[in-house]
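Chains, contacts and geometry: an overview
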Amino acid sequence: MKNSYDDRVIRYETVTNFSDEMFDELVRLINPRDGQAILDCGAGYAPVTQAIISRHPSIDVDYCILEYSEIQIQRAKKEVTQLLQLLGETKHVAYQQNSAADMNYDDNSFDTVITKMVLHELPAAEQVKMINEIYRILKPGGKFILWQTILDDSTVEFYRNMFRKKDSLAGYESLVENRNFITQDAFYFLLDSARFHEYELARSFTYNFNSKYRLYSELQGDWTKLRLLNEYLVNLVTDEGDDFSEKTNFTFEDDNVSLFFKQGVYLAKKPLTNE
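Here is what the cut-offs are and how they apply
- Residues numbered from 1 in each chain as written.
- Predicted model: local features only at pLDDT ≥ 70, side-chain atom pairs only at ≥ 80, totals over all residues.
- Heavy atoms only, no water.
- Buried < 20%, exposed > 50% of the residue type's maximum accessible area, 1.4 Å probe, protein only.
- Helix = DSSP H or I, 4+ residues; strand = E, 2+ residues; numbered from the N terminus.
- Pairing = 2+ DSSP bridges.
- Right-handed = clockwise from strand over helix to strand, strands pointing away.
- Core = buried A, V, L, I, M, F, W, Y, C linked by side-chain atoms within 4.5 Å.
- Contact = heavy atoms within 4.5 Å.
- Axes fitted to C-alpha atoms, helices over the stretch in contact; angles between N-to-C directions.
- Parallel < 35°, antiparallel > 145°, perpendicular 65-115°, else oblique.
- Nonpolar A, V, L, I, M, F, W, Y, C, P; charged D, E, K, R; others polar.

What follows concerns the pairing of strand E5 (residues 138-150). Among the 13 residues in E5, ten count as buried, and that is most of the element. Here strand E4 (residues 110-116) runs beside E5; their pairing, made up of six bridges, is parallel. Note that in E5 the partner of Phe110 across the bridge is Leu138. The handedness of the E4 to E5 crossover, carried by helix H5 (residues 124-137), is right-handed. Bridge count between E5 and strand E8 (residues 256-269): eight bridges; the pairing is antiparallel. Its bridge partner lying in E8, Gln148 is registered against Gly264.

Okay, structure coming up:
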């Protein structure tokens, strides 16, 4: 099956309303330091690495960018190179095209590993592998920082169905097949199982899903597909009931379904000594 991220060439920050202020908070949490090795895992076109470099251009960090899609990693190389040229900086940036569930790095290689909206892209079994791989490649005392949607039992099934329908209409077959959104409790279980016992929700903010933003970025400008998506979402919300509608601040107007969810940036630390 073709990797849909080779076709899904969009600017996610625009579609998802990720603001500069959100990236400011993320970089403050990363807190890069001279001499560190930082992995941007499942990087896409590397907006996280670009955010670090643009806010700390003079810091001497070894950057590694891992991405499964050949198209996305080529975007990353181009955009990071252009940013460094614009800043007049030279950095060591290494690229690896590989799955986050099977990384070709040595044990204890990185001071920090960051994943932004990556975990849900993997099937359940590979999610387990990814968290264990991150634990393996982190140095003792190293930080794992993960940005993802905060879901619970009242929202996770709706969220899965919403994106499965959108991805199906967009023709993203591998996303329909592989994506697996999980609850916060399930994520904590994965951390515990991988021996990350010190972790916290370090930052949280509001994420606004807007169906109309997907019209040209993912639905090929096809208004019929947008209407089908909106009809599906309205019916889903109706089935969930008034409490869900109120919880997500649901509105439907001007051909746009708007829903609000929470997203968070989690911080986990690898113990200083092996257990």
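Read on for the rest.
Let us look at the nonpolar core. By size, the foremost hydrophobic cluster in this structure holds 55 residues, and its most contacted members are Trp147 and Met162. Element by element, the count of residues in this core is highest for helix H6 (residues 156-170), at seven residues. If we ignore the near neighbours within four places in the chain, the residues touching Met162 are Phe209, Leu229, Leu233, Leu236, Leu259 and Phe261. Counting 31 residues, the second-largest nonpolar core is a separate cluster that includes Ala37, Met130, Tyr135 and Ile182.

For the pair helix H3 (residues 47-55) and helix H4 (residues 70-87), the least separation of the axes is 10 Å and the interaxial angle reads 5°. The angle between H3 and H4 places the two elements in the roughly parallel class. Between H3 and H4, the contacting residues are Gln50, Ile53 and Ser54 on the first element and Glu79, Val80, Leu83, Leu84 and Leu87 on the second. Class assignment of the residues belonging to the contact of H3 with H4 gives a composition of five nonpolar, two polar and one charged.

Turning to the environment of Asp34, a few remarks are in order. Mapped onto the secondary structure, Asp34 falls in the loop between helix H2 (20-30) and strand E1 (37-41). Classification of Asp34 as exposed rests on a relative accessible area of 56%. If we ignore the near neighbours within four places in the chain, the residues touching Asp34 are Ser58, Ile59 and Asp60.

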